[in-house]
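Overview (structure and organization)
Read off the chains here:
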Amino acid sequence: MSDPRELYQQVILEHNKKPRNFGKLEPCTHYAHGLNPLCGDDIEVSLVVEDGIVKDVKFQGHGCAISQASSSLMTVNVKGKPVHEAEIMVEQFREMIRGKLDPATEPHSLGKLTLFQGVKDLPSRVKCAVLPWATLHSALEGKDDASTE
Amino acid sequence: MSENKSSTDEHGWTPIKDGALDVAAIRADFPLLNTPFHGKQMVYLDSAVSGQVPQPVIDRMDHYQRFEHTNVHRGVSTLSQEATDRFEEAREKVRGFLNAASSKEIIWTRGTTEAINLVAQSWGRANVQAGDEILLSAMEHHANIVPWQMLAQERGAKICVIPMNDAGELILDDLDTLITPRTKIIGLIHVSNVLGTINPVKEIIAKAHAKGVPVLVDGAQSVPHMTVDVQDLDADFFVFSGHKLSGPTGIGVLYGKKALLEKMPPWHGGGSMILSVSWEKTTYIGLPGKFEAGTPAITQAIGLGAAIDYLQGIGVDNIAAYEHELLNYATEQLSKIEGLRIIGNARKKASVVSFVLDGIHPHDVGSILDHDGVVVRAGHHCAQPVMKRMGVPATTRASFAYYNTREDVDALVGGILKVKGIFG
């Protein structure tokens with residue numbers, strides 16, 4: 001296992017402390033509530049999508065630094081993007097966390113999100129990092145709930 | 001005790017030195033505690049999730065599996081008779097351990113959860129009707145909530161709750177009004193798996209009985225820490241799991257008063273629990289077999305018997321006294337950490353300490369401690385209503401057993417200081 005200090009880098013700690021786009025959009029066009037029943041992490045994602053573009057996105061809820069920072073960085077990265085690009089990021093983020101996409105050698109559009117790469121060596125934390133993305137995916141699919149199980 | 005160790009008495013048990021436990025000798029019995037973990041000495045502070053298993057218990061199961069095994073309660077072979085004897089001896093050990101009046105009152109289950117489901121579905125379906133009430137405490141584990149909710153939904157009954165205060169003690173002032181003429185049963189956790197609170201179950205049972213209401217006591221977290229006498233408590237049902245008691249998983253116990261168990265219909269049907277079967281009608285055998293359909297967890301039952309022998313060899317009262325000292329030391333040391341708040345400050349506690357750190361989520365605490373070889377549990381501990389009552393989404397929990405030491409507490413404290421360092 002990698003040293004958890006490699007994962008708890010400044011950017012992640014900072015986003016945990018001061019999450020961006022925290023709150024709930026009302027009204028919104030898309031919404032989902034994500035739960036991790038194993039640990040109780042709880043995240044709500046709301047979006048305003050217009051003409052196939054994510055005009056605005058917010059999240060709220062509680063969870064560990066990994067899930068909070070993952071949520072915060074997710075909102076920063078998908079805001080202003082076309083929905084299909086956001087969906088590609090969901091897929092690439094999941095693949096990276098599962099160790100199936102190596103951002104150093106394979107093409108991707110994850111940008112700063114590669115900071116979460118270290119989670120793949122902490123199997124018990126994979127679901128923490130993925131929960132906001134699973135919730136975003138559910139919201140975009142028109143389902144109103146998501147679960148890591 | 002294990003063969004490679006000399007500090008045992010003539011019965012093979014670790015002797016108690018000067019009123020304290022010989023913890024070094026005890027620890028030598030636990031292979032897992034002596035195996036490097038992330039390259040470090042394992043500091044196992046998660047016995048409330050599952051106790052570690054000592055070598056004599058592993059050896060007993062290994063011996064049974066190698067040389068004594070076949071099915072029980074079947075056939076006339078000597079092998080089957082002897083396997084049955086070993087299996088029934090384990091039941092008798094449980095009877096003695098709980099001081100039950102009869103081994104017929106000891107039903108094997110897969111664990112605490114299955115034992116509660118058995119009572120909820122067999123006793124519950126026979127006794128709970130629409131409009132009835134099931135009274136539970138505010139600090140129950142999901143295992144003593146969900147089976148009753150399922151029954152309540154099926155029957156149109158209602159779940160009522162005995163509240164608790166901020167320290168994590170049940171508020172019993174209004175117990176007499178909480179027990180109404182519609183109350184059919186009370187489900188009560190003996191020791192809280194989150195808060196460590198030791199509940200005054202004997203007092204609550206006496207009040208319930210004064211109104212004719214039976215009580216089920218969830219003893220999963222009490223039997224590892226204290227001597228339990230079901231007759232003294234006057235518990236109607238008492239349930240626990242083998243794996244919290246340094247025994248194997250897959251085995252647990254339902255104790256029930258004979259008069260209650262005899263009136264209850266069988267739960268699972270199948271082989272072993274029948275007197276005769278025809279296409280027209282099946283008749284059932286008596287206790288305890290009536291509730292034990294199919295081939296039981298024989299190896300595990302024998303393993304649980306060996307775990308009881310092991311604990312009684314050390315002395316459950318000695319364990320309780322030792323763990324109490326360890327709890328006091330841990331509480332004192334953890335309280336010195338700035339920004340740390342202990343969740344659960346009851347006057348009577350078993351050796352379980354839940355805590356939160358300002359601005360740092362328990363999962364992050366758990367992950368970083370894990371890297372240092374300190375194993376704790378982080379999360380809601382299968383007790384979401386307790387989390388909600390205490391106003392926290394989750395806690396980090398350290399739970400101490402008779403094989404833990406002050407050095408383990410120090411390692412925990414060191415780990416927490418490191419977490420604080422990382423999070424600034």
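Let me begin by describing the structure that accompanies this report. Model, not experiment: these values are computed from the prediction. (Residues numbered from 1 in each chain as written. Chains lettered and ligands numbered in written order. Predicted model: local features only at pLDDT ≥ 70, side-chain atom pairs only at ≥ 80, totals over all residues. Heavy atoms only, no water.)

**Observations concerning helix H4 (residues 112-127) of chain B**
For an α-helix, 3.6 residues make a turn, and residues three or four places apart therefore share a direction. Under the convention used in this document: Starting at the N terminus, helices and strands are each numbered in turn, a helix being any DSSP run of H or I of at least four residues and a strand any DSSP run of E of at least two. Multiplying 1.5 Å by the residue count of a helix minus one yields the expected span of that helix. Note on classification: 1.4 Å probe, protein chains only; a residue is buried when its accessible area is under 20% of the maximum for its type, exposed when over 50%, partly exposed between these limits.
Compared with the 22 Å implied by 1.5 Å per residue over 16 residues, the 21 Å span of H4(B) between its first and last C-alpha is a close match. Burial in H4(B) covers these residues: B:Thr112, B:Glu114, B:Ala115, B:Ile116, B:Asn117, B:Leu118, B:Val119, B:Ala120, B:Ser122, B:Trp123 and B:Gly124.

**Observations concerning the packing of H4(B) against helix H5 (residues 146-155) of chain B**
All names here are of chain B. For clarity, the threshold we go by: Axis definition: a line fit to C-alpha positions, over the contact stretch in the case of helices; interaxial angles, taken between N-to-C directions, run 0 to 180 degrees. If an angle is under 35 degrees, it is roughly parallel; if it is over 145, roughly antiparallel; if it lies from 65 to 115, roughly perpendicular; otherwise it is oblique. Take the far helix as the reference: if the near one is turned anticlockwise from it by less than a right angle, the crossing is left-handed, and if turned clockwise, right-handed. By definition in these notes, contact holds between two residues if any of their heavy atoms fall within 4.5 Å. Amino acids outside the nonpolar list (Ala, Val, Leu, Ile, Met, Phe, Trp, Tyr, Cys, Pro) and the charged list (Asp, Glu, Lys, Arg) are all regarded as polar, and Gly is one of them.
Packing of H4 against H5 leaves a shortest axis separation of 9 Å and a crossing angle of 25°. Relative to H5, the element H4 is oriented roughly parallel. Both H4 and H5 take part in a crossing whose hand is right-handed. Packed against H4, whose contacting residues are Ile 116, Asn 117, Val 119, Ala 120, Gly 124 and Arg 125, the element H5 presents Pro 147, Trp 148, Leu 151, Glu 154 and Arg 155 at the interface. A breakdown of the residues in the contact of H4 with H5 according to their chemical character gives six nonpolar, two polar and three charged.

**Considerations on the packing of aromatic side chains**
Heads up, the rule is: Put simply, two rings from Phe, Tyr or Trp (the six-membered ring, in Trp's case) pair if the centres are within 6.5 Å, and we call them stacked under 30 degrees between planes, edge-to-face over 60, tilted for the rest.
Scanning the model with the defined rule gives eleven aromatic pairs over all chains in all. A centroid spacing of 5.4 Å and a plane angle of 55° characterise the contact between A:Tyr8 and B:Phe423, whose relative ring orientation is tilted. Here the residue A:Tyr8 occupies a position in the loop between helix H1 (4-7) and helix H2 (10-17), and B:Phe423 occupies one in helix H14 (residues 406-423), the pair thus bridging two chains. No difference in accessibility class separates A:Tyr8 from B:Phe423, as the two residues are buried. Taking the centre distance of 6.3 Å and the plane angle of 45° together, the rings of B:Tyr310 and B:Tyr402 count as tilted. Of this pair, B:Tyr310 sits in helix H10 (residues 298-314) while B:Tyr402 sits in the loop between strand S15 (395-399) and H14, placing them 92 residues apart in sequence. No difference in accessibility class separates B:Tyr310 from B:Tyr402, as the two residues are buried.

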